[in-house]
Each structure stands twice: as structure tokens, then as C-alpha cells.
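# Secondary and tertiary structure notes
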Amino acid sequence: MDVEELLRQNDLRVTPQRKAILAVLKNTRSFLSAQDLFQKVIEILPGTNFSTVYRNIDLLLEKGLLCRVSSQTGADLYELRREEGHHHHAVCKMCGAYFAVDFCPMEGLIQELDRKGFLPTEHCFEVYGLCAKCREGKRKIE
């Protein structure tokens, strides 16, 4: 996936900061906090400030290019959306590895709420635990 093309497809201007943010997320297989993302972006593009990264995170979320989950500490974590459509995640608390859950466990609840006249507009669902490698002690805490 070419990050410039991804930005253009979503009617976003191609800027060095957006390219750097997407490049970092494209090459990362775990969720990153805004601060961690910022630290990696300034390695690519020194002089970028945190507020620029944070504003772009919001814009990329709005355009559906990023996924957001809440960490155990309450901080938001981000990743590049690699799959189309709605999905949920299982996240390793030790190493940050994740995988998409292939079904939505909320479907029954959403249908029930709809029958009662309530229109859900969004929801999120993450499962936290330990991946197989961390459970076997093969990974060190990052």
C-alpha cells in the first residue's frame, strides 16, 4: 500500500507529516500511543511537533484510516486500518501484538436496541490478554 495513494483516495492533501505518520503505522504491527507515534515520526521527520501529529491522528481517524483502542491505563492507542469494514481486536497486554476478531460480538445487542427504538451509532470492543508467545515466555516485555 502506497501511503500517498491512500491519502489521495481519501481526499487528503499529501503532506510530509501525514506520510511519516502513515509510514510509521504501516511498518508497526502493534498499537502505538500518540506519544510513541510522535517519537517514531520525529525520527523520520525531525522538527515535527506533537500537536501536528495529534491533529493528524484525529483527521485520519475521522477518515477511517486508523483504528483506536483504549489501553488498560486509559490512554488511546492507534494502528493503521488494514482491513475493510467494521472489526474488533484482541490485544496482548505484554507485547502489544493484536489480531482482528472475525465477528462482531455486539450484533445481537445492536438488534435488541434497535427493536427498542435506540439507534447505536458506534461501539468498540477489545479483548485484552496474553498472546501465545508471551504466555510461553518467549517474548520480553517491550
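Each value, and the rule that gives it
- Here the residue numbering is sequential within each chain, running from 1 through the sequence in written order.
- Only residues with pLDDT of 70 or above have their local features reported here, since the model is predicted, and side-chain atom pairs are shown and tallied only from 80 upward, although totals for entire chains, interfaces and linings are computed over all residues.
- The side-chain numbers reported here are obtained from all heavy atoms of the structure, hydrogens and water having been left aside.
- In short, DSSP must find at least two bridges between two strands for them to pair.
- Elements are defined by DSSP. Helices are runs of H or I of four residues or more, strands are runs of E of two residues or more, and each kind is numbered from the N terminus.
- Nonpolar cores are built from buried Ala, Val, Leu, Ile, Met, Phe, Trp, Tyr and Cys residues. Side-chain atoms within 4.5 Å join them into one set.
- Think of it in three bands: with a 1.4 Å probe and only protein chains considered, a residue is buried below 20% of the maximum accessible area for its type, exposed above 50%, and partly exposed in between.
- Whether two residues are in contact is decided by their heavy atoms, any of which lying within 4.5 Å being enough.
- To define axes, lines are fitted to C-alpha atoms, for helices over the stretch in contact only, and angles between the resulting N-to-C directions are given on a 0 to 180 degree scale.
- In these notes the angle categories are as follows: under 35 degrees is roughly parallel, over 145 is roughly antiparallel, 65 to 115 is roughly perpendicular, and the rest is oblique.
- Should the near helix be turned counterclockwise from the far one by less than a right angle, the crossing is left-handed, whereas a clockwise turn marks it as right-handed.
- Gly counts as polar in this scheme, as do all residues outside two lists: the nonpolar Ala, Val, Leu, Ile, Met, Phe, Trp, Tyr, Cys and Pro, and the charged Asp, Glu, Lys and Arg.

## A few points about the pairing of strand 5 (residues 98-101)
Sheet topology places strand 4 (residues 88-92) next to strand 5; 4 bridges connect them, and they run antiparallel. For His-88, the partnering residue across the bridge sits in strand 5 and is Val-101. Between strand 4 and strand 5, which pair antiparallel one after the other, the connecting turn spans 5 residues, and Gly-96 there sits at a positive phi close to 85°.

## Describing the nonpolar core
Leu-37, Ile-57 and Leu-60 are the most contacted members of the largest nonpolar core, which totals 22 residues. In terms of residues, this core owes the most to one element, helix 2 (residues 16-26), which gives 5 residues. What Leu-60 contacts, discounting residues up to four positions off in sequence, is Leu-7, Leu-12, Ile-21, Leu-22, Leu-65 and Leu-66. Counting 5 residues, the second-largest nonpolar core is a separate cluster that includes Phe-31, Val-69, Leu-77 and Tyr-98.

## Considerations on the packing of helix 3 (residues 34-44) against helix 4 (residues 50-62)
Here helix 3 crosses helix 4 at 120°, and the two axes come no closer than 10 Å. The orientation of helix 3 with respect to helix 4, classified from their angle, is oblique. Between helix 3 and helix 4 lies a crossing of right-handed hand. Contacts between helix 3 and helix 4 involve Ala-34, Gln-35, Leu-37, Phe-38 and Val-41 from the first element and Phe-50, Val-53, Tyr-54 and Ile-57 from the second. Split into classes, the residues belonging to the contact of helix 3 with helix 4 amount to 8 nonpolar, 1 polar and no charged.

By themselves these figures say nothing about function.
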